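Examination of the molecular architecture
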Amino acid sequence: MTGWTTDRIPDQRGRVAVVTGANSGLGLVTATELARRGAHVVLAVRNTAAGRQAAGRIGGDTEVRELDLASLDSVRAFAAKLTADHPTIDLLVNNAGVVLLGPRRTSADGFELQFATNMLGSYALTGLLLDALAGARAARVVSLSSLTHRNARLDFDDLLSERDYRASAAYGRSKLATTVFGVELDRRLRAAGSPVVSALAHPGLTRSNLTPRAWEHRGRLGRVIGRLGLLATQPVERGALPQLRAATDPEVRGGEFFGPRFFETWGPVAEARLSRQAADPAVGERLWAAAAELTGVRYL
C-alpha cells in the first residue's frame, strides 16, 4: 500500500486506545487522529496539566492519566488503575520517549534515564496491560523505534551505560532496545497463540520537541542548535503517519515495521528495515530476560 494517509484510518468507535506521551509531538497527533475516528483515548502523560490542555485541544472522548515511565512504581499504579476502569484495552501505543545529550542521569529506580524511559518502562507497561489487551477482539501494541537504532549496539555487559556513557550512543542503544522489544514481543505473542499484534514504527527525521529539549543543557547555544536541527525535519503530522498506520491499518501483521519512504527520513509511509541486531532472536531473548530481571515484570 502506498500513499497511506489518515483518511485510511477505520472507524475506532468502541475501542480503548492508550497513547503514552500524548500531550505533545507525535503522541498528540496520534491521540488526536484516534479520537477523531471515535476511539476512547487515554492520554498517559507525566505532566497531567499539559495532558489536560492537550485533551482540550483534541476534543472527542479522552481522559488524562498520570504515567511516568521512568518510575516502575508509577507504571504499576497506572496499570492497576487503568485496568480496573478498562478491563479491555484495544490499543497501546508506546510513544513516549526522552533524548538527553547532557550528563548521565538516572531514573527513580536507578537506571540510565533514556533506557529506563524508552525501553524498560514500555516493557513493563505492556506486560502489566497484556491481559486487558488479550481480552480485546483485535488488540495491538505499537513500539516506537528510531533511525538511530540502526547504528547502535547492545552491550549486555554494560546495558545501562554505567561504565561507558556517551549520551547520543546511550539514546541509540535505548531505541535499539525498544525495537528489539517490539520484535521479540511479536515472536512471543505468536508462540503463545495470542491474538495481540505487535507492530513497530519510526518517524524518520520529524519536527518535535524532543530535539530542542535534548540540547537544553547547553543554554542559549543549545537552543540555537536545537532550532537549526529542526530545519531538516518533516512536520510532525507526517512523522506520525507510520505509527498511525501500525496502530490502525487492518492489514498490518505482527512484526511489521513502518517508517518514511525516502531514505527512511521523510515522505510517505513505507516498510522500514530492521538492523541486524534488532532482528536477531538471540538478542531478543537475552534483552527480554534482562528487562524481566531489571523491572520484576515477567510475562510470555
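Before reading on, note that the structure itself is shown above.
Residues numbered from 1 in each chain as written. Predicted model: local features only at pLDDT ≥ 70, side-chain atom pairs only at ≥ 80, totals over all residues. Heavy atoms only, no water.

Next up on the list: helix α2 (residues 48–58). When α2 is considered as a whole, its buried residues turn out to be Gly 51, Ala 54, Ala 55 and Ile 58. Projection of α2 onto a plane perpendicular to its axis shows the buried side chains occupying an angular sector of 105 degrees, all on one side. For α2, the exposed residues set more than 90 degrees away from the buried face come down to Arg 52, Gln 53, Gly 56 and Arg 57. Close packing links the buried residues of α2 with α1 (25–36), β2 (40–45) and β3 (62–66). Two or three places before Ala 49, at the opening of α2, Asn 47 has a side-chain oxygen 3.1 Å from that residue's backbone nitrogen. Count one or two residues on from α2 and you reach Gly 59, which has phi positive near 70 degrees. (Buried < 20%, exposed > 50% of the residue type's maximum accessible area, 1.4 Å probe, protein only. Helix = DSSP H or I, 4+ residues; strand = E, 2+ residues; numbered from the N terminus. Arc of directions from axis to C-beta. Contact = heavy atoms within 4.5 Å. Polar contact = N/O pair within 3.5 Å; in protein donor to acceptor, adjacent residues only side chain to side chain.)

Read from one edge of the open sheet, 8 strands run β3-β2-β1-β4-β5-β6-β7-β8, paired in mixed fashion. What marks the edges here is a single partner per strand, and that holds for β3 and β8 (266–271). Each strand axis lies, on average, 20 degrees off the axis of its neighbour in the sheet, ignoring direction. Across 4 bridges, strand β4 (residues 91–94) lies against strand β5 (residues 140–144) in parallel orientation. Bridge pairing links Val 93 to Val 142 in β5. (Pairing = 2+ DSSP bridges. Axes fitted to C-alpha atoms, helices over the stretch in contact; angles between N-to-C directions.)

Fair warning: the whole summary comes from geometry, so function is off the table for now.
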